[in-house]
Structure formats: C-alpha cells, structure tokens
Amino acid sequence: MKLAFSTLGVPGMPVADVARLASAGGYHGVELRAHPEEPVNTGLGISERVGVAEEFKAAGVEILAVAGYTQVAAPGDDEPVIDELGSLLTLAGDLGAPYVRVFPGGGDQPAEEADVIAARRLAAAAPHAADLGVRLLLETHDSHRRGVDAARILGLVGHRNVGAIWDVMHPWLGGEDPAATHAVLAPHLGYVQVKDIATAQDTTPLPLGAGVLPLAESVELLSRAGWDGWLCWEYEKRWYPEAQDLPALLEPGRDHLSWLLAQSA
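Summary of the structure given here.

Conventions we followed
- Residues numbered from 1 in each chain as written.
- Predicted model: local features only at pLDDT ≥ 70, side-chain atom pairs only at ≥ 80, totals over all residues.
- Heavy atoms only, no water.
- Helix = DSSP H or I, 4+ residues; strand = E, 2+ residues; numbered from the N terminus.
- Axes fitted to C-alpha atoms, helices over the stretch in contact; angles between N-to-C directions.
- Parallel < 35°, antiparallel > 145°, perpendicular 65-115°, else oblique.
- Left-handed = near helix turned anticlockwise from the far one by under 90°.
- Contact = heavy atoms within 4.5 Å.
- Nonpolar A, V, L, I, M, F, W, Y, C, P; charged D, E, K, R; others polar.
- Expected span 1.5 Å × (residues − 1).
- Buried < 20%, exposed > 50% of the residue type's maximum accessible area, 1.4 Å probe, protein only.
- Polar contact = N/O pair within 3.5 Å; in protein donor to acceptor, adjacent residues only side chain to side chain.
- Salt bridge = Lys/Arg side-chain N within 4 Å of Asp/Glu carboxyl O.

**Points about unusual backbone geometry**
Step number 1: Phi at Asp142 takes a positive value of approximately 35°, unusual for a residue other than glycine.
Step number 2: Looking at where Asp142 falls in the secondary structure, it is placed in the loop between strand 5 (135-139) and helix 5 (147-157).

**Thoughts on the packing of helix 8 (residues 215-224) against helix 9 (residues 250-264)**
Step number 1: The N-to-C vectors of helix 8 and helix 9 enclose an angle of 50°; their axes lie 9 Å apart at closest approach. In terms of orientation, helix 8 and helix 9 fall into the oblique class. Handedness of the helix 8/helix 9 crossing: right-handed. Of the residues in helix 9, those touching helix 8 at Leu215, Ala216, Val219, Glu220 and Ser223 are Leu260, Leu261 and Ser264.
Step number 2: Of the residues belonging to the contact of helix 8 with helix 9, the class tally is five nonpolar, two polar and one charged.

**Side note on helix 3 (residues 78-95)**
Step number 1: In a regular helix each residue adds 1.5 Å, so 18 residues correspond to 26 Å; helix 3 covers 26 Å between its end C-alpha atoms and thus fits that length.
Step number 2: Every buried residue of helix 3 is listed here: Asp78, Val81, Leu85, Gly86, Leu88, Leu89, Leu91, Ala92 and Leu95.
Step number 3: In this fold, the buried residues of helix 3 make contact with strand 2 (29-33), helix 2 (46-59), strand 3 (62-71), strand 4 (99-103), helix 4 (111-132) and strand 5.
Step number 4: Directly beyond the C-terminal end of helix 3, a positive phi value near 80° is found at Gly96.

**Brief notes about the environment of Asp177**
Step number 1: As for its placement among the helices and strands, Asp177 is situated in the loop between helix 6 (169-173) and helix 7 (178-185).
Step number 2: Look at Asp177 and you get partly exposed, because its relative accessible area is 40%.
Step number 3: In sequence terms Asp177 and Pro214 are 37 residues apart; their C-alpha atoms lie 9.1 Å from each other.
Step number 4: Within the structure, Asp177 has its side chain in polar contact with the backbone nitrogen of Ala179 (distance 2.9 Å).

**Quick look at the pattern of salt bridges**
Side-chain pairs of opposite charge can arise where the charged atoms are in close proximity.
Step number 1: Counting across every chain of the model gives 19 salt bridges.
Step number 2: With a closest N to O distance of 2.8 Å, Asp78 and Arg121 form a salt bridge. Linking Asp78 in helix 3 with Arg121 in helix 4, this pair joins segments that are 43 residues apart in sequence.
Step number 3: Given a relative accessible area of 18%, Asp78 falls into the buried group.
Step number 4: With relative accessibility at 0%, the residue Arg121 sits in the buried group.
Step number 5: Glu236 serves as the salt-bridge partner of Lys195, at 3.2 Å between the closest nitrogen and oxygen. A residue pair is termed long-range when its members are at least 10 positions apart, and Lys195 in the loop between strand 7 (189-194) and helix 8 and Glu236 in the loop between strand 8 (230-233) and helix 9 qualify at 41 residues.
Step number 6: Owing to a relative accessible area of 13%, Glu236 belongs among the buried residues under this scheme.

This is the structure we're talking about:
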C-alpha cells in the first residue's frame, strides 16, 4: 500500500513546502484540501494548476486527491451541486489527481430521500469523471457515516467512476465493526483515511497508534483482501488548533503504518 497525508493537517501551507514535507517524510502522495482558504482550490487558473502539478512532480510525490466539500445529499436544487462537482473534477484532471473527495451532507432528511438525491447527482457527474479519468469518492461521513450507509448510495449509482473513501473514524463512531465496513465498501473502495483519537467523545487528533481507533484491524482486513491502494493520514489540525503540529509527527506516523503493514503481511 502507498502512504499519503492530507493538507488538513498543515492548513495554509504553501504547495512547495507540502511537497518537500511529503518527500522528506517518506510519503508517496498528498491529499489536497480544496478550499478557498488553501493554496489549491477551484479558483486557480490553468497556469497555477500547472505550477502545482510541477511542484509535486519535481518532489517525486503524487497528488492523491482533491478533497472537496460538496455535499451531494444536501437539500436544494441539483444544478449548483452538479456544477460544483464538475469544477472539482476539472481541477483534479488538471492536477493529474485520480480522485475527488465529496461528503454526503444529507442532514435530517429521511435516509431513503437523501440516498436518492445523492445518487442522482453523482450519476449526473459520473460521465464527466470518466472522461477525465477521475473517480468521485463519497466519504463515510456525517449523515452517511457507516459503510452500509454510503454503500446504499453507491449501489444506486452503479458507475465505476463513483466510489468510496473509508474514513476509519466515522463508521467506528457509528457503531459499525471494521469487518462490516470493509465488506460493504470493498467493491467501491478508492482509498482509506486513517487517523487516531483518544475516545469517542474526544476526537482531537492524536499521533497514529496513540488512540483507540481500530487501525491494526482495518489494515489487516485490507491486507488479507490483497488490496494495494492508498492509506491517507487525515490529521484534523485545521479543526483542532491545539493539537500537536503534524510535521514532527509524519515520520513516526509513517513508521507506525509501515509496522502495521508488516504485521499484517
């Protein structure tokens, strides 16, 4: 498996510094948070996009994904959501990133209604994704935090360019066992987000291996299945400014993930 980290852990860091940090830390790739407050977002012009791609190429680091914030199950009109998906897909295509991350965001709607809305929008964007060679990935999050919840939507879409991100924290918080999450998401899996926290009540990010999340079990499930995709450390420094700074944790985090992979081999 390849290792990456998210720029959510280094909010606002310039692209060149992120690329150097990943290379020095022994990470194969980076998930780029696509938000207006970040250096990489859908407002970049084509020359700026070329510059970002070149920075990572020069550092020998892959751009794993464009992590967007589109809520595909949110109430309201479809058109603005589909347009936003299109902008994220185009950005990923220009950067050479194989994936775009999106959220459910279904709120308090009945699950069946939220599922249908999300599936309709993802299906509408799927042909554009296919044309660009990019996959839209729905993260296990908010209204659809368990694997079984995300899989309901993906089953309705039924398109190879629409898949899932397994965020190991949210299904666990939703009471779903990692084996159950893996079983339903395996046919759709794009990549896996790893992290660690102290308790279900305290989700302040911790160094990998220092908390309670079932990282070892999750990695073992993936290894037994022969999966050779990406593990991406999503350290939520942006939302928890009091947390330790990520750069000093990257090499120990890499070593912990490498150890888990060796143990599960």
